[in-house]
Structure formats: C-alpha cells, structure tokens
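What follows is each chain in one-letter form.
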2 protein chains.
Amino acid sequence: MSIQAIAFDAYGTLFDVYSIGELAERLFPGQGPALAALWRDKQIEYSRLRTMCATYKPFWEVTQDALVFSCKKLGLDLTLDAQNALMGQYAKLKAFPENLGVLQALQQMGLKLAILSNGNPQMLDSAAEAAGMRDVFHHILSVDAVKKFKPAPEAYQLAPDVFGLSPRSILFVSSNGWDVCGATWFGYTTFWVNRAAAPLEELGVAPDATGPDMNALLQFVQQRNGAAK
Amino acid sequence: MSIQAIAFDAYGTLFDVYSIGELAERLFPGQGPALAALWRDKQIEYSRLRTMCATYKPFWEVTQDALVFSCKKLGLDLTLDAQNALMGQYAKLKAFPENLGVLQALQQMGLKLAILSNGNPQMLDSAAEAAGMRDVFHHILSVDAVKKFKPAPEAYQLAPDVFGLSPRSILFVSSNGWDVCGATWFGYTTFWVNRAAAPLEELGVAPDATGPDMNALLQFVQQRNGAAK
C-alpha cells in the first residue's frame, strides 16, 4: 500500500531539543545533562499518568511541573528567571538540519503532511514558526483536542480523522521508540528516526522501517511509493 | 472517617528490591546500580504503555522484557543464567524489617489487609510466602484480574470491590510517589511510605499522610482510628 500522508512527532523528531540541555548546563553547571534527562523523563511520565488517570492538563503545564519536580529532586534552586528561560526554549527549538529539505521534497511528491504531537497548539505553532516549517504542514494536530497524550489510541486517531485515510496508508514518523511502537500497535505504517542508535523497545512490535535521520525516511517513502505504482 | 481496611503496594513498599541491585552488581561489576535503575524504569514504563495501548501482558513478562532491553541499552551480555538469576530474585525478596510487626499490629486492630499490586498472582504469592506474610493478608489482589496496570482506575477498583467498602474508608499505602498520587486521584485515603525522602510528585495532588517507614503508618492509623471513635 502506498503512503498517502505522513504524520510527524514533534519533539526530538522535527525539533532538536539539544539546546535545552545546553541552557540547563549554563544555568546549573555540571548538572545540565542530569537535569535535561530527568526533566524529559518526568515530562513523559506525567503525560502518561495523567492520561491513565483521566487528569489531563496541557503539555506546557505538564512540562513545567516536570521541571519543578526535577529541580527539587536534584537539589537545584529554580528561580523564576531560570524557569522562564528553560521553558522559553520550547518556543525556539531548532529543526534538525536535514528536516526542512526532506519535508519540502515529500510535499513535492504530493504527500500531505501533519504534525501529531503531545504538545499543545501554542507550543507547536511557535516551534513550527521558529523552524520555518509553518507552510509545509497541512495540519498541526495536538492531542489537546482529545485530552489524552500519546500513546493513547484516541491521540493517534487524530491523523486518520483529519486526512480521511486509513491508518495503514498514513506513515507515522517519530524518533521516540515508545511512540513508534504505540503508533504501530494503533495501525499506522511507521518509520523510526533512530537518531540515538538506541535498541528497539522490547514491546513485541517493530516499526515498518528504521533509519538514522530524515534523509533515510525520504528514501523509504520514495521506494515504497515507487514500488506501489 | 475511620480506616476499615488497608491495601498495600508490594514492590518497594512491602518487599525490599535492594537485593536485585546487589545481584546486578555481582553479575555486572560497576554496572549494578545503572542496570537496576534502568530495569525498574523500563518495567514501569512498559506497564504503562501496555495499559494505555490495551496490550496487557503479565508483569512477570513485562519485567523480563524490561531486563532484556536494559541490558541491550547498557551493552551488557545477558546470559540465560544471569536472566534467570535476576528474575529469580523477585521470588525471594526480603520484607523491610519493620513490616511484619506492623502488619500484625494492624491486623490485631481489626483491620482487613490486602496487597494490591501490578505483580501477577504467582509473583505475589511467592513473595508473600518468602517474607512470611501469607497469613496477615485477607486478599492478595493482582491487576492481572483487570488486565490494566496501576495507576489505571480499574486496577485501584479491585480493593473496594473485594472489601465491599468505599475507597475513602480504605487506606492505600505505597512507597511509590506516582502510586500514591494515582490512588489519591482514585479516591482512596492514602499514606506515602517515603523511604527515599523523595520530593512529592508535581501532579497537583498529595497523599493524606507521609512517613519514612511502616512504623509511621501504624502511628497514623492508630491516631486516625482513635480520633474517629
């Protein structure tokens, strides 16, 4: 089956969150990597706990809560200035270098493109704007519409609904192993941008394809759709 | 409202998982703490992903998957012997030293006691047996009955159902911050055995009481039920 549309995860997939760790290190010398890692873990953990317990709140707030906890846990004094600076990074993340070119090439192939992210709409709009990507996406889909974070099926359902396509004819792309597993369970065709060369999650499910960056994704789509013709 | 029954989390609350880290260090010198921490994180992560995506499998298998992934991630060669030894620890965990005495005192107060755990029935039976606790519990409740892991409400519902009591009249006890938060959201009266002196999770909810060990729990129940008479 040929790919007719592509839905992209945002953070770590389209947008490089590396600058957050850099700023954390400037603010808390020697603790930057530990803070960035714990913050990310807690952000994801809180999103899952709130989904499982039906206590949703927007990703921006979840992210802020995760930052506050992480600093307490590491014994770091989080001033309001530091908090604002760290949270502010989310509005000005850089895209990975190859991304814009790949997105434009996919668009020129006639594919419809969307973001499908846990981020809330304002966060995603700012990030897409800052990365110069606003025009390549037909839709910027936030799980805020269903008040459940990925990997809840209701969150993944957003793209099939908006495109009017079956999950299998949509390619879901993420750099997060758990996200591609969730999307594969859901029924998408999936591509794992495994930038960190991580092992596959042991969840009894595997993405349709894996590559080290978005160039590999472009190749996969060209082959897949070429072969399907 | 007086407490009429108590439901206990198992791992880290009743049973000390410290020996797992010790064995990990013997098997993989220098990597024990990292392996034990990642293994625990992945175990919990997989339980949540499988609950959110309705792909439940028993905790024993989830735990094994988490161990396999963790070793791959850390570049450790997990032989079948090492895997069996590490998994086997779950059948022979020690109880924390004060636990049995506290459980017996609570039982003598006329309270009904249960375990309510993500572990599957066989794991819990072995652990309770090995810790000499089989006789103090009226019920050993496994989420396996509902095929959803904590903090899913369906998992917490097991104790009110079996006791025929309202959640608020049951005290839920856990050493895991996320678990007491989930239980509080659910409606239990809650006590956090904060053995690690960790900060409270930033989830906008707090347990009814917190203490450093199970002796503090006993005190809380004595005061609560004394005051309620």
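Here the structure is a predicted model, which means the values were calculated and not measured.

Calculation criteria
What you see as residue numbers is a count from 1 along each chain, following the sequence as written. Chains and ligands are labelled sequentially in the order written, the chains with letters from A and the ligands with numbers from 1. Per-residue local features of the predicted model are confined to residues with pLDDT of at least 70, and side-chain atom pairs are confined, for both listing and counting, to 80 or more; whole-chain, interface and lining totals are unaffected and use all residues. For side-chain calculations, the full set of non-hydrogen atoms in the structure is used, while hydrogens and water are omitted. An axis is simply a line fitted to the C-alpha atoms; with a helix, the fit covers only the stretch in contact. Between two such axes, the angle follows the N-to-C directions and lies from 0 to 180 degrees. By definition, any uninterrupted DSSP run of H or I lasting at least four residues is a helix, any uninterrupted run of E lasting at least two residues is a strand, and each is numbered from the N terminus. Small angles under 35 degrees read as roughly parallel and large ones over 145 as roughly antiparallel, with 65 to 115 read as roughly perpendicular and the rest as oblique. Crossing handedness: left-handed means the near helix sits turned counterclockwise from the far one by under a right angle, and right-handed means the same turn made clockwise. Contact between two residues is taken to exist if any of their heavy atoms lie within 4.5 Å; hydrogens are not considered. Side-chain classes are defined by residue name, with Ala, Val, Leu, Ile, Met, Phe, Trp, Tyr, Cys and Pro counting as nonpolar, Asp, Glu, Lys and Arg as charged, and the others, Gly among them, as polar. A quick way to say it: buried area is the sum, across both parts, of accessible area lost when two parts are put together, with a 1.4 Å probe. Salt bridges, as used here, are contacts in which a Lys or Arg side-chain nitrogen is within 4 Å of a carboxyl oxygen on Asp or Glu. Burial classification: accessible surface area is computed with a 1.4 Å probe over protein chains only, and a residue below 20% of its type maximum counts as buried, one above 50% as exposed, and the rest as partly exposed. A pair of strands is labelled paired if DSSP reports no fewer than 2 bridges between them. Domain limits in this description derive from either an automatic procedure or a database domain assignment. Pairing of N or O atoms within 3.5 Å defines a polar contact, subject to two protein rules: one partner must be a possible hydrogen donor and the other a possible acceptor, and residues neighboring in sequence count only if both atoms are side-chain atoms.

### Re the packing of helix H1 (residues 18–27) of chain A against helix H2 (residues 32–52) of chain A
Residues and elements named next belong to chain A. Where H1 meets H2, the closest approach of the two axes is 7 Å, and the angle between their N-to-C directions is 130°. In this view, H1 runs oblique relative to H2, as classed from their interaxial angle. Between H1 and H2 lies a crossing of right-handed hand. Facing H1, whose interface residues are Ile-20, Gly-21, Ala-24 and Glu-25, H2 presents Gly-32, Pro-33, Leu-35, Ala-36 and Trp-39. Residues that form the contact of H1 with H2 fall into these classes: 6 nonpolar, 2 polar and 1 charged.

### Remarks on the interface of chain B and chain A
Counting residues at the interface gives 29 residues for chain B, matched by 29 residues for chain A. In total, about 2,600 Å² of surface goes out of reach between chain B and chain A, with carbon and sulfur atoms giving 69% of it. Counting across the interface, chain B meets chain A through 6 salt bridges. Residue Lys-72 of chain B is joined to Glu-202 of chain A by a salt bridge in which the shortest nitrogen-to-oxygen separation is 2.6 Å. Secondary-structure elements contributing two or more residues to the side of chain B that touches chain A are helix H2 (32–52), helix H3 (59–74) and helix H9 (177–186) of chain B. Here the side of chain B that touches chain A gets 8 residues from one element, more than from any other, and that element is H2 of chain B.

### Some words on the pairing of strand E1 (residues 5–8) of chain B
Residues and elements named next belong to chain B. Residues Ala-5 and Ala-7 line one face of E1 and the alternating positions Ile-6 and Phe-8 line the opposite face, and both faces are buried. Sheet topology places E1 next to strand E4 (residues 112–117); 4 bridges connect them, and they run parallel. For Ile-6, the partnering residue across the bridge sits in E4 and is Leu-113. Bridge count for E1 against strand E6 (residues 170–174) is 4 bridges, and the pairing is parallel. Paired with Phe-8 across the two strands is Val-173, which belongs to E6.

### Digging into the domain arrangement of chain A
All names here are of chain A. The assigned domain composition of chain A is domain 1 (5–15 + 94–228) and domain 2 (17–90). Here the C-alpha centre of domain 2 lies 24 Å away from the C-alpha centre of domain 1. Each side of the interface is counted separately: domain 1 has 16 residues, and domain 2 has 13 residues. Between domain 1 and domain 2, roughly 1,400 Å² of surface is buried when both sides are summed, and carbon and sulfur atoms account for 66% of that area. Broken down residue by residue, the surface that domain 1 buries against domain 2 is led by Tyr-11, Met-123 and Phe-149, which jointly contribute 45%. Counting the contacts that link domain 1 with domain 2 gives 0 salt bridges. On the surface where domain 1 and domain 2 come into contact, there are 5 residue pairs in polar contact (both at pLDDT 80 or more). Tallied by class, the residues present in the side of domain 1 that touches domain 2 amount to 8 nonpolar, 5 polar and 3 charged.

### Observations concerning the packing of helix H3 (residues 59–74) of chain A against helix H4 (residues 80–88) of chain A
All names here are of chain A. At a minimum axis distance of 11 Å, the contact between H3 and H4 shows a crossing angle of 130°. With respect to each other, H3 and H4 are oriented oblique. By crossing handedness, the relation of H3 to H4 is classed as right-handed. Between H3 and H4, the residues in contact are Trp-60, Thr-63, Gln-64, Leu-67 and Val-68 and Gln-83, Leu-86 and Met-87, respectively. Counted by class, the contact of H3 with H4 contains 5 nonpolar, 3 polar and no charged residues.

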